[in-house]
Amino acid sequence: MTAPSADILRNDVDEIIRRIRPDFKGEIKVTDRLREDIGLDSLHAMELLSAVTEKYELDVDIEEVQEVKTVGDVVQFLTTAMA
Amino acid sequence: MPGKTNLFTPILEAFRQIGPRLATSGRTQEEQEVVASILREVNRYCRKEVDGLAIDRRGALGQEMLDAVAERGWFGLTIPEEYGGAGLSMSAATRIATEICKYNGSLATCVALHSGLALYGLIHLASKDLQSRYLPEIAAGQRIAAFCATEPNAGSDIGSMRTLLYEQDGIFRLRGSKSYVTNGGFAGVLTVIASSPGLGGARGGHTMVVIDPSWTGVHKQAEENKLGLKGPSTITIDFDDVEVPRDHVIGEVSKGLDLAHEALTWGRSFMAAGCLGSAMAAVQEAREHIAGRVQFGRTLDQFPLVREQMAAAMADVYTVETVLRLVCDVFDSRSGDIALDSTVAKVLGSERAWNVIDRGLQLMGGAGFIEETGMPRRLRDVRVTRIFEGANDVLRLHLASATLGWPRAGLQEFPEVSPLVPAPLRTEAERFDEMLREVGVCLASIQKQYGFKLFQRQSLQSVMADAIMATYGMMAVLVRAAASVQDQDTPETCVELATAKLACKRLESEARLALQTMTRGADDEALTLANAVLAQ
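Predicted model only: the values in this text are computed from it and were never measured.

**Re the overall build of chain B**
Thought 1: A tally of regular secondary structure across chain B gives 19 helices and 10 strands.
Thought 2: Relative to a compact globule of 536 residues, whose C-alpha radius of gyration would be 24 Å, chain B shows 23 Å and is just as compact.
Thought 3: Oriented by its inertia axes, the alpha-carbon framework of chain B measures out at about 70 × 60 × 55 Å.
Thought 4: Counting all 536 residues of chain B, 57% fall into the buried class.
Thought 5: Across chain B, every contact between residues at least 6 apart in sequence was considered, and the portion connecting residues at least 24 apart equals 77%.

Right under this line is the structure:
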């Protein structure tokens, strides 16, 4: 699979976040913290990572994503995983 | 997404230190004496004054009973002594909750919810000023506490709440509606969790606040008509742009979701305490019935099937009691975060309590179906414990999902229990060591095989949780029993040993069944039927 651009990844992450948190209004920024800014609890955060890894058919070692805290971290994680 | 150690290793590493503590009812001799004194009064008062049938008939505990509880200081169990409370540890306070619940689920729910979930924020997270303002009145029972989280569209999905804390002209205001507020009708102080986008520099976020229900804009709705727990009030409370003083924020603005989870963690332990009391009372009542009821020329307790069922119920009660004691010990000794431990106590406690009471009712035959025996009320009252403060089905998913963050290396090797237990428990300990190894290998393999795709497999998560909970229960039983039977040979320890052995056997069977289900894979027949008849 060809690695999608960072913009496409951002759009996909945004789309999944809005699916999980349909009541979240406004723009989603890369600096947004998943918990404090988007309002995702730990289960939602797992669901987000589950959805993105599913979408890109990634086999991810859980221990690689311990530091994912912001939207930007999710995009960076995907970029690295597909590099 | 913090990397946490698994649920087992920290406890196994302190196996010998924890065990003796599980036999005591308080952290110190002094606290144990306080607990003994309160328990005496609980028994004296409840036996004489608490009429479960009357409570259900009037659909309320009644002011007289609330005053009596206040007078005895039971609304101050968990409040620090400097504010007029008893300052009890979780281990001690849950003993009281258990005892009250033996007599009546409604009264116990009122006291335990107040002492646990509803007061966690004020006791552990609020400013000194806020504590000074409210806790003395609460300890004196002049204000009873309630916790407001659930909304019409936000139950287990607490993060999706719509109740809003917003800032207008420099003033915080609260707007929204909270449903199923236990103690709501007579509450004098509310802990409310609300969505607070934009506050505290966070774009989303949630904030926890203390609300005085007498403030302008707080409207209490009518009582709900419930299946059970008729005594404590359960209502919806509306907040119409209620002005909230800034010093009534608990903890940090925007960090409320984490704080709500902390409060729920505490609350679930108190709920498990209530489940334990209900189950203990059901066992006691059923024992009395089978000892007196004659059929086919013998009392029921002479029939092997009845005896075995009663023994199983007693073993299950021991399991719930032991898991609860272990969770309280972990909290009181500040030796770890109990978020998952209390989840195990709540799920395991509520489900075993339901099963034990159902079994007790069955053993009582037709009498168990008669309202005046109290058994139908117990069954109704305990039913909701599988739902509130986190539906068990959802808590199972939380528990299973948490294992994704457990370091894989730690799942490959656990400290062994078998060298640490006395000879009579050696077989059970060896079987536990083997079981834990298998569970560890299975969880590590699931981490590797599915990773985050585990979220697409809720059925698998559910059985993973079952395996973890049963294994945790087995560990707890061994921790306690190893200390109790060590170097002792009294009639009591013989009974405890037999109870622990049966408890281990039952838990091992459950864990083994869950492991088999996990390895067997998807339930194709169920999926086929569901796909045929349910909306895609």
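**Overview of the domain arrangement of chain B**
Thought 1: With domains assigned, chain B is organised as domain 1 (8–144), domain 2 (147–258) and domain 3 (396–524).
Thought 2: Each of domain 2 of chain B and domain 3 of chain B has a C-alpha centre, and these two points are 38 Å apart.

**Digging into the environment of Thr70(A)**
Residues and elements named next belong to chain A.
Thought 1: Summarising the element assignment, threonine 70 is placed in the loop between helix 2 (42–55) and helix 3 (71–82).
Thought 2: Look at threonine 70 and you get buried, because its relative accessible area is 17%.
Thought 3: C-alpha of threonine 70 to C-alpha of aspartate 32: the two residues are 38 residues apart in sequence and 5.5 Å apart in space.
Thought 4: Excluding anything up to four places from it in sequence, threonine 70 contacts Val30, Thr31, Asp32, Arg33 and Leu34.

**Brief notes about the packing of helix 6 (residues 90–103) of chain B against helix 10 (residues 256–292) of chain B**
Residue and element names in this part refer to chain B.
Thought 1: The contact between helix 6 and helix 10 brings their axes to 7 Å, and the two run at 40 degrees. One element, helix 6, and the other, helix 10, form an angle in the oblique class. The interaxial crossing formed by helix 6 with helix 10 has right-handed handedness. Within the contact between the two elements, helix 6 uses Met90, Ala93, Thr94, Ala97, Thr98, Cys101 and Lys102 and helix 10 uses Trp266, Ser269, Phe270, Ala273, Gly274, Leu276, Gly277, Ser278, Met280 and Ala281.

**Some remarks on the interface of chain A and chain B**
Thought 1: In this assembly, 34 residues from chain A lie in contact with 34 residues from chain B.
Thought 2: Between chain A and chain B, the buried area comes to about 2,700 Å², and carbon and sulfur atoms account for 52% of it.
Thought 3: At the junction of chain A and chain B, the tally comes to three salt bridges.
Thought 4: With a closest N to O distance of 3.0 Å, Glu36(A) and Lys255(B) form a salt bridge.
Thought 5: If you look at where chain A meets chain B, you find 10 residue pairs in polar contact (both at pLDDT 80 or more).
Thought 6: Residue composition of the side of chain A that touches chain B, by class: 12 nonpolar, six polar and 16 charged.

**Topic: the packing of aromatic side chains**
All names here are of chain B.
Thought 1: With the rule as written, the count across this model stands at seven aromatic pairs over all chains.
Thought 2: Between the aromatic rings of phenylalanine 8 and phenylalanine 414, the centroid separation amounts to 6.2 Å while the plane-to-plane angle is 85 degrees, which identifies the pairing as edge-to-face. Remark: phenylalanine 414 occurs in the loop between helix 15 (408–412) and helix 16 (426–450) and phenylalanine 8 occurs in the segment before helix 1 (9–13); sequence separation between them is 406 residues.
Thought 3: Using a relative accessible area of 1% as the deciding quantity, one classes phenylalanine 8 as buried.
Thought 4: Seen from their ring centres, tryptophan 266 and phenylalanine 331 are 6.1 Å apart, and the 50 degrees between their planes marks the pair as tilted. Here phenylalanine 331 lies in helix 11 (residues 304–332) and tryptophan 266 lies in helix 10, a separation of 65 residues in the sequence. The pair tryptophan 266 / phenylalanine 331 is uniform in exposure class, with both members buried.
Thought 5: Sitting over the face of the ring of tryptophan 354, arginine 383 holds its NZ or CZ atom 5.6 Å from the ring centroid.

The rules we used
Sequence order as written defines the numbering, with residues in each chain counted from 1. Just so you know, chain letters begin at A and ligand numbers begin at 1, following the order they were written in. Selection of residues for local features in this predicted model requires a pLDDT of at least 70, selection of side-chain atom pairs for listing and counting requires 80 or more, and totals for whole chains, interfaces and linings are taken over all residues. Note that water and hydrogens are dropped before the side-chain values are worked out from all heavy atoms of the structure. Put simply, DSSP marks the helices as runs of H or I at least four residues long and the strands as runs of E at least two long, and each gets a number from the N terminus on. To get the radius of gyration, use the C-alpha atoms; to get the globule rule, take the number of residues to the power 0.38 and multiply by 2.2 Å. Remark: exposure states derive from per-residue accessible area (1.4 Å probe, protein chains only) relative to the maximum for the residue type, with buried under 20%, exposed over 50%, and partly exposed in between. In what follows, residue pairs with any heavy atoms lying within 4.5 Å of each other are defined as contacts. Domain delimitation follows an automatic or database domain assignment. Only the stretch in contact is used when fitting a helix axis, every axis being a line fitted to C-alpha atoms; angles between N-to-C directions are given from 0 to 180 degrees. An angle below 35 degrees is read as roughly parallel, one above 145 as roughly antiparallel, one from 65 to 115 as roughly perpendicular, and any other as oblique. Crossing handedness is read from the near helix: turned anticlockwise from the far helix by less than a right angle, it gives a left-handed crossing, and turned clockwise, a right-handed one. The term buried area means the drop in 1.4 Å probe accessible area that two parts suffer when joined, counted for both and summed. We define a salt bridge as a contact between a side-chain nitrogen of Lys or Arg and a carboxyl oxygen of Asp or Glu at a distance within 4 Å. N or O atoms within 3.5 Å of each other form a polar contact, as long as, within protein, one can give a hydrogen and the other can take it, and as long as residues adjacent in sequence are counted only when both atoms are side-chain atoms. Any residue that is not Ala, Val, Leu, Ile, Met, Phe, Trp, Tyr, Cys, Pro, Asp, Glu, Lys or Arg is counted as polar, Gly included; the first ten are nonpolar and the last four charged. Pairing of aromatic side chains here covers Phe, Tyr and the six-membered ring of Trp, requires ring centres within 6.5 Å, and sorts the geometry by plane angle: under 30 degrees stacked, over 60 edge-to-face, intermediate tilted. Lysine and arginine charges are scored as sitting over a ring when NZ or CZ, respectively, is within 6 Å of the ring centre and within 35 degrees of the ring normal.

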